[in-house]
Amino acid sequence: MHYALAADAVLILHGLFVAFVIFGGLLALWRPRLAWLHLPALAWGATVIAMGWICPLTPLENQLRALAGQGTYDGGFIQHYLWPLIYPPGITRGLQIALAVLLAAGNAAIYLALWGRRKKVRADARIR
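Residues numbered from 1 in each chain as written. Predicted model: local features only at pLDDT ≥ 70, side-chain atom pairs only at ≥ 80, totals over all residues. Heavy atoms only, no water.

(A) Looking closely at the packing of helix α1 (residues 2-30) against helix α3 (residues 57-67). Where α1 meets α3, the closest approach of the two axes is 8 Å, and the angle between their N-to-C directions is 160°. Taken together, the axes of α1 and α3 lie roughly antiparallel to each other. Crossing handedness for the pair α1 and α3: left-handed. Between α1 and α3, the residues in contact are Tyr3, Ala4, Ala6, Ala7, Asp8, Val10, Leu11 and His14 and Leu57, Thr58, Leu60, Glu61, Leu64, Arg65 and Leu67, respectively. In terms of residue class, the contact of α1 with α3 is built from 10 nonpolar, 2 polar and 3 charged. (Axes fitted to C-alpha atoms, helices over the stretch in contact; angles between N-to-C directions. Helix = DSSP H or I, 4+ residues; strand = E, 2+ residues; numbered from the N terminus. Parallel < 35°, antiparallel > 145°, perpendicular 65-115°, else oblique. Left-handed = near helix turned anticlockwise from the far one by under 90°. Contact = heavy atoms within 4.5 Å. Nonpolar A, V, L, I, M, F, W, Y, C, P; charged D, E, K, R; others polar.)

(B) Representation of the nonpolar core within the structure. Formed by Phe20, Val21, Ala41, Leu42, Ile49, Ala100 and Leu103, the largest nonpolar core amounts to 7 residues. Counting only elements with at least two residues in this core, the list comes to α1, α2 (35-51) and α5 (93-127). (Core = buried A, V, L, I, M, F, W, Y, C linked by side-chain atoms within 4.5 Å. Buried < 20%, exposed > 50% of the residue type's maximum accessible area, 1.4 Å probe, protein only.)

(C) A look at the environment of Tyr73. By the element assignment, Tyr73 lies in the loop between α3 and α4 (77-86). C-alpha separation for the pair Tyr73 and Asn62, spaced 11 residues apart in sequence, amounts to 6.9 Å.

(D) Focus on a positive patch on the surface. On the surface, a cluster of positive charge is made up of Arg33, Arg118, Arg122 and Arg126. Relative to the elements of secondary structure, Arg33 occurs in the loop between α1 and α2. (Patch = residues over 30% accessible without salt bridge, like charges linked within 9 Å, V, L, I, M, F, W, Y side chains within 5 Å. Areas by Shrake-Rupley, 256 points an atom, 1.4 Å probe, with all protein chains shown as cover. Salt bridge = Lys/Arg side-chain N within 4 Å of Asp/Glu carboxyl O. Lys, Arg positive; Asp, Glu negative; His and termini not counted. Charge placed at Lys NZ, Arg CZ, Asp CG, Glu CD.)

(E) Region of interest: the packing of aromatic side chains. What the rule picks out here adds up to 1 aromatic pair. Arranged with centres 6.3 Å apart and planes meeting at 50°, the rings of Trp44 and Trp53 form a pair that is tilted. Its relative accessible area of 34% is what places Trp44 among the partly exposed residues. A cation over a ring is seen here: Arg31 above Trp30, with NZ or CZ 4.3 Å from the ring centre. (Phe/Tyr/Trp six-rings, centres within 6.5 Å; stacked < 30°, edge-to-face > 60°. Lys NZ or Arg CZ within 6 Å of the ring centre and 35° of its normal.)

(F) Representation of α3 within the structure. Those residues of α3 that fall on the buried side of the exposure criterion are Thr58, Glu61, Asn62, Leu64 and Arg65. Summarising the axial view, the buried residues of α3 lie within an arc of 165°, below the 170-degree limit, and thus occupy one face. Taken from the residues just after α3, Gly69 is the one with a positive phi, measuring 80°. (Arc of directions from axis to C-beta.)

(G) Broad picture of the pattern of salt bridges. Applying the stated criterion to the full structure yields 2 salt bridges. Here Asp8 makes a salt bridge to Arg65, at a shortest N to O gap of 2.9 Å. Highlighted residues: Asp8 in helix α1 and Arg65 in helix α3, separated in sequence by 57 residues. Between Arg65 and Glu61 there is a salt bridge; the shortest N-O distance is 2.9 Å. Linking Arg65 with Glu61, this pair stays in helix α3, spanning 4 residues, or about one helical turn. The residues Arg65 and Glu61 share a single accessibility class, namely buried. When salt bridges with common partners are traced through the structure, they connect Asp8, Glu61 and Arg65 into a single cluster.

Shape is all these values report; function is a separate question.
If you want it as structure tokens, here you go:
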């Protein structure tokens, strides 16, 4: 029972991390200090996707599920839980890399806007 709860907690943590990687740049527009947490998370997430690695949370969840007597799965978290939702059937490795680049480019645009806003605030403060 405890292993099943721990596996579910890892699953939730993993899902929140993925959501933070995807949407954390938007949160940084709201709270700029979150950028210091989001940028390393984004780098890790994009690298894991682009390199085809499996996040260490996936084997941890599988181990906890096995200890709880539940079924495990092959592949990574995204392939198991999110792939059917966000990736079309027949996705290629090249398209997967393109999605990682799109994730990084979209966040780069957000951070450029954040940087421009911050630069403008500093310039306005100097004028006063």
